[in-house]
Amino acid sequence: MTETKPSVINAENTPFINGLWRQNPVFVMVLGMCPTLAITNSVRNAVSMGLATTFVMAVSYGMISAIRNLIPKQVRIATFIAIIACAVTVVDFLVKAISIPIYLALGAYIPLIVSNCLTLERAEAYACKQPVVKSMLDGLGMGLGFAFALTCLGIVREVLGAGTFLGFHLFGPHFEPLVLFLLPPGGFIALAILLLAFAYRKERQLKKAEAQS
Amino acid sequence: MPLLEAITGKRLWRGVHVPEHKEDTERLPIRRMPFAPLLVIPLSQHNGAPSIPIVHEGQEVVRGEPIAKAAGFMSIPMHAPATGRVQRIALAPGARGELGLAIYLAPYLSASQEILYGAPRDIADMTPAEIVQAVQDTGVVGLGGAAFPTHVKLKVPEGRTIDTVVVNGCECEPYLTTDHRIMLEQSAQVLHGTRVAMKALGAPRAVIGVEDNKMDAVAALRQANGSATDITVESVPARYPQGAEKMLVKVLLNREVPSAGLPSEVGLAVFNVATLAQIGDLLPRRGGLIERVITIAGPGVKKPGNFLVALGTPLRWALEQAACTDRVSSVVLGGPMMGAAVGSLDVPVTKGVSGILVLEDDHGPAHHNYIHPCIKCAACVDVCPMHLNPSRLGLLARKERYEEMETDFHLMDCFECGCCSYVCPSQIPLVQYFRISKQMNRERKARA
Amino acid sequence: MSSARVAERVLEVRTSPHAHNAMSVEKIMRNVVFALLPISAYAVWMFGISAFFLLVTTTLASLATESAACRMSGKRSSIGDYSAVITGLLLGLTLPPGLPLWMGALGAFIAVGPGKMVFGGLGFNVFNPALVGRAFLQAAFPVAITAYTPAKALGRFTEFIPSSLAWPFMKAAPVTEWMARVRVDGFTGATPLMLRKFDHIQTDPWSMFLGERAGSTGETAALLIFVCGLYLIIRKFMDWRVPAAMLLSAIAVAEAFHLADAARYPGPLFVLLSGGLVLGAMFMATDPVGSPVTPRGMWIYGILMGAMTVLIRFLGGLAEGVMYAILLGNAFSPLIDNLTQPKTYGERRKAVAK
Amino acid sequence: MSQLIPPPESAPSRENSIRMVRLLGTVSLMCGVLIVGTNLATRDRIRQNQETIMRDSVAELLPGVKKQVVYSIAAKGELKVMNGIEGEGQRFFAGYDAQGKLAGVVIEAGERGYADVISALYSYSPATQTIIGFKVVDMRETPGLGDRVRSDEGFLANFKQLDARVENGKEVHPIVTVKHGAKKNPWEIDAISGATISSRAVGRMLQKSVENVTPVIQKNLDRIERGQ
């Protein structure tokens, strides 16, 4: 991200918006690719995964931030993992309690939130240095940004790959779905298209800014 | 065997078949070209230190008289190509567009142009060291185009022995027929020069390699050699670049000159036939190199031929004798594959010029202006006589990864024969890329 | 007089060599197109106007994509080098004749856009563009791409295969009823490979030889494809080592399997004549861009692809393996290239260099 | 002269180690409490969810059923009535209509498909020895191709009356998947065109399951009819 100085300061002050858009974890930082590619073959799965991650991040960052001054440097990663893993286990139970079909669809990917690089990266980069409220806001923002990105991807993949949106048929019975988009390679292709759109937009903004200055 | 070679890609060496275009001049005997009104004799006509002039402006010189002396062992003297007056000693343009000190000599048109020789001598009485000195005094350099001082090659490097002298009569460049004519017309001098080289190097035998498109030259040399067994004349397949010394020794003797090494490392010394013919002619008479045979040919020439030209003759004069068409687009010193195009006709003929090639508008690669990307067709890999990978080298050169080209892909082994550029369907100027890359590497090393 | 004229002219100073042989990218590509034309014509004879319009669609779509991509990136239009025509034709020849035309157009777009222009155009693509397009279609429309129709159907020059004319992004009409109506006796809609794999029915080699069988538009006439490829090899527009290595290794591997269990695995003749092996070996594996440049590398590359084709056909879940074998070969080719760099003339052994 | 050399900063002191252990211990304890708490809070709900799903599926496969009994077959072919739905061994569900009469049995089965194991439920009528319904529970088949075994109407029509008679532990006519459009006999499954591998997996699944499970059901039929 080729941010100019003022906007970095700005970003520090508005952790929520920052994660949601300006430093979107998927489109800008390109983090957490495993769930991004694996779990976005339908809008429902994408939203659920995004919300589960948001919950984990907000809760665990609050906890990490609360004890940030007590954590010795040498064991900080171990501490983060323990806390995040705890939050993930809780989510695992909650999802099961809310809906079994969603749990079946998300499958192995909920436990994998622990090893999602995004979760650990923000804990290391932000939560262990900032106060509790800001950390939770950052977790919430980043998580929602992640959920937003996953949803975008989910929409593209479900609409193209199945011709449906949240299970509703959009194009009538004769639509020929591009099954590829439901398969893993389709995830890569859809992500590439979205990243391309983001990069294109950013480049145009930069050019505009250059032209103005 | 050919099938196996085709499968493994392990031919003796590769190369290309280039249309020869030799039919215009190969039957034309060598003719003497008249003197130009002004001869320009650059003091650096060879690899090594420029010669030091020993005449002053306004001085009168006799044809064959030394006019410059050697500046050390890696240098040679110069001799006056004509009887006349030294007009001035000033800068003159060279073939590559560079300026260098040259002696401007105006021949006397009325003079007899008798050549000044020293006292005759017998080679049989000379020691190898004396021969080396005598060859240096003649000012002979490699006449095949390299212009490397010949006497340096006649001195055996310490700790090595030379078992065979290889004489290069291949002349694989299209259009050029000077070596061909010399072998036909000066067979005795060639053999004599070969024996001089053998004596200087202490080599018991010599092999003359001639391409099989010049079987008449092979016959002439064999006849001149008679029943002598120390020199053999062998024909080799006509293929470009058969005249490269590394390719020639591979085919004749199946020896490979090590990378970045000299033929002496495998017990060989390689000389061009024209060089040895001059040595054979000049050494007994204590003469100096004052003229050489060049071919003037190409689509832009109306009267092509093989000419004996006084060194220092400007190209403009030489071309006037051969009559050019009015569609000339470029003039090349040497053959079409490795020769250098000149930007000015004021450039003189020097010791290393073996021919003048005149091209017309629709000849040569002039009409290929668009360079396609490399499609990795592997044509260049199949022809590179050094078994390099020009395709990869070209891609690396485009990315300016010059160091990698040298360390991993043997860039420095490329001797710029031009086969890769010749076959490239994308018209990529590979040889030019490699020249630039080599230069960049040299500059980088110089900085370090 | 004449030298004065020479002097007036500005001499061009170019670098050596000042000669060039007659080969050029355009010439090579143009001749590949020529070689593909008889195959395309035979395909139209076998499958009728559906095949014709499929080929036209894929070719036009790939030309349009190439031209648009060049315009977007501000480059000189490269449609003049014929490579897009080849991609379009080859793609069309590898698709089932009854594939909806819109799918063909989409495949050509994917082939030339993401398959080639994204990498930087001709010479920079990693994979054979036509096969990228086909692989995309195979993954996106697994049903449509395996819906083969019989050759020599009745009225094939006056009537489209019903599935050809589907609206864009809409399902193709079913062909079952049409097939029952137009089928000539003895012709089925399943390819010989599918018949063998799923129904254990052996197809008569003679009908495969003539190309009178179901299959992709241009892969059926093995002999004709072989002859067209041979034309390119003889005119030196194509390297003979890759197809030779690929076909020979496919024959050898098939023969080994056949010897081990003749009841289960068909012999080399069947392997050679069925599916798109000859088309792939002659026209797609030989795409110079995706293949290694070293002589040894070409043999390894060909052998790898031939063996993979047979292994996928015999042991894998798919009926046909040529496409994935070639894509795999493309993926391996940079590695093969690096491992088989030629030994240069006069290369010193390490000890000597010290 | 009496200058002390300060210890290097990074050298782990005893104090520091104790601090680390204490902190990690506390964090683990905290997390443990949280996890156990959540588990206790959600346990019933989760079990209930799972049961509802299962029972809904059974009800779907055996329409009109009012009462369900879950059985499990232990290692020695012994039949056991279960309280919940969780337990070891091969499970099946007996469904009874309003009059308490046995309407049919729903059996769990699984078989490796194209991508992963396809797990499914099928309903079996002990009276006619036929399979009368089929439902995929979980699978990873190719979308649009293999996954049509879940939804393809023509394919599901195979399971309205599929012959599954067993004699002496062997099926009279083993259930087999045939090429699309080639079904002739009541024990054959008409494959989905283009999804042969998944269709065959379903055939194999049923054939194996019928041979393993239905003899036990037939043997204990009177017990099951009584709902014990």
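Predicted, not measured: the structure shown is a model, and the values here were computed from it. Numbering of residues begins from 1 in every chain and follows the order in which that chain's sequence is written. Ligands are numbered from 1 and chains lettered from A, in the order in which they are written. The predicted origin of the model limits local features to residues at a pLDDT of at least 70 and limits the giving and counting of side-chain atom pairs to 80 or more, whereas totals for whole chains, interfaces and linings rest on all residues. The basis for every side-chain value is the complete set of heavy atoms in the structure, and neither hydrogens nor water enter the calculation.

(A) Just the overall build of chain B, in detail. When helices and strands are counted, chain B shows 14 helices and 17 strands. For chain B, with 448 residues in total, the buried portion stands at 58%. Contacts are residue-level and defined by heavy atoms, with any inter-residue pair within 4.5 Å sufficient. Long-range pairs, those at least 24 residues apart, make up 73% of the contacts in chain B between residues at least 6 apart in sequence. Surface accessibility of chain B: about 17400 Å² in total, with carbon and sulfur atoms responsible for 54%. Under the scheme used here, helices are H or I runs from DSSP no shorter than 4 residues and strands are E runs no shorter than 2 residues, and both carry numbers assigned from the N terminus. Relative accessibility decides the category of a residue: with a 1.4 Å probe and only protein chains considered, values under 20% of the type maximum give buried, values over 50% give exposed, and everything between is partly exposed. In this description, accessible areas are obtained by the Shrake-Rupley approach with a 1.4 Å probe, and a residue is regarded as covered only by the protein chains that are shown.

(B) Highlighting the pattern of salt bridges. One side-chain nitrogen of Lys or Arg within 4 Å of one carboxyl oxygen of Asp or Glu is enough to make a salt bridge. The final tally for this structure, using the stated rule, is 34 salt bridges over all chains. Among the ionic pairs, K214 of chain B bridges to E211 of chain B, the shortest N-O distance being 3.5 Å. In terms of burial, K214 of chain B and E211 of chain B fall into one category: buried. Across the salt bridge formed by E108 of chain D and R91 of chain D, the nearest N and O atoms sit 2.8 Å from each other. With E108 of chain D in strand β4 (residues 102–112) and R91 of chain D in strand β3 (residues 90–96), this residue pair connects regions lying 17 residues apart in the sequence. The class of E108 of chain D is partly exposed, set by a relative accessible area of 22%. Classification of R91 of chain D as buried rests on a relative accessible area of 14%. Connected through shared salt-bridge partners, E121, R122 and D138 of chain A make up one network.

(C) Structural view of the interface of chain B and chain C. Contacts between the two partners involve 76 residues from chain B, matched on the other side by 48 residues from chain C. Accessible area, probed at 1.4 Å, shrinks when two parts are joined; the buried area is that loss added up over both. Summed over both sides, the interface between chain B and chain C buries roughly 5300 Å², with carbon and sulfur atoms accounting for 57% of that surface. The three residues of chain B that bury the most area against chain C are I375, K376 and Y422 of chain B, which together make up 12% of that side's buried surface. Counting the contacts that link chain B with chain C gives one salt bridge. With a shortest N-O distance of 2.7 Å, D382 of chain B and R241 of chain C are connected by a salt bridge. For this analysis, a polar contact is any N or O atom pair within 3.5 Å, provided that within protein one partner can donate a hydrogen and the other can accept it, and provided that sequence-adjacent residues contribute only side-chain to side-chain pairs. The interface formed by chain B and chain C includes 21 residue pairs in polar contact (both at pLDDT 80 or more). Looking at the side of chain B that touches chain C element by element, the count peaks at five residues for strand β15 (residues 328–333) of chain B. Gly falls in the polar group here, along with every residue not listed as nonpolar (Ala, Val, Leu, Ile, Met, Phe, Trp, Tyr, Cys, Pro) or charged (Asp, Glu, Lys, Arg). Of the residues in the side of chain B that touches chain C, the class split is 38 nonpolar, 22 polar and 16 charged.

(D) Highlighting the arrangement of the chains. When the four pairs of chains in contact are compared, the highest contact count belongs to chains B and C. Contact between chain A and chain B is absent, and the minimum C-alpha spacing across the pair is 25 Å. Looking at chain B next to chain D, you find no contact at all, with the nearest C-alpha pair sitting 37 Å apart.

(E) Main features of the sheet that holds strand β7 (residues 84–93) of chain B. All names here are of chain B. Pairing is antiparallel across the open sheet formed by four strands, whose spatial order is β2-β8-β7-β4. Across the chains shown, the open sheet's two edge strands, defined by having one partner strand only, are β2 (39–42) and β4 (60–61). Note on pairing: two strands pair once DSSP finds at least 2 bridges between them. As defined by bridge partners, β7 adjoins strand β8 (residues 99–107) across nine bridges and the pair is classed as antiparallel. Bridged to P93 within β8 is L99.

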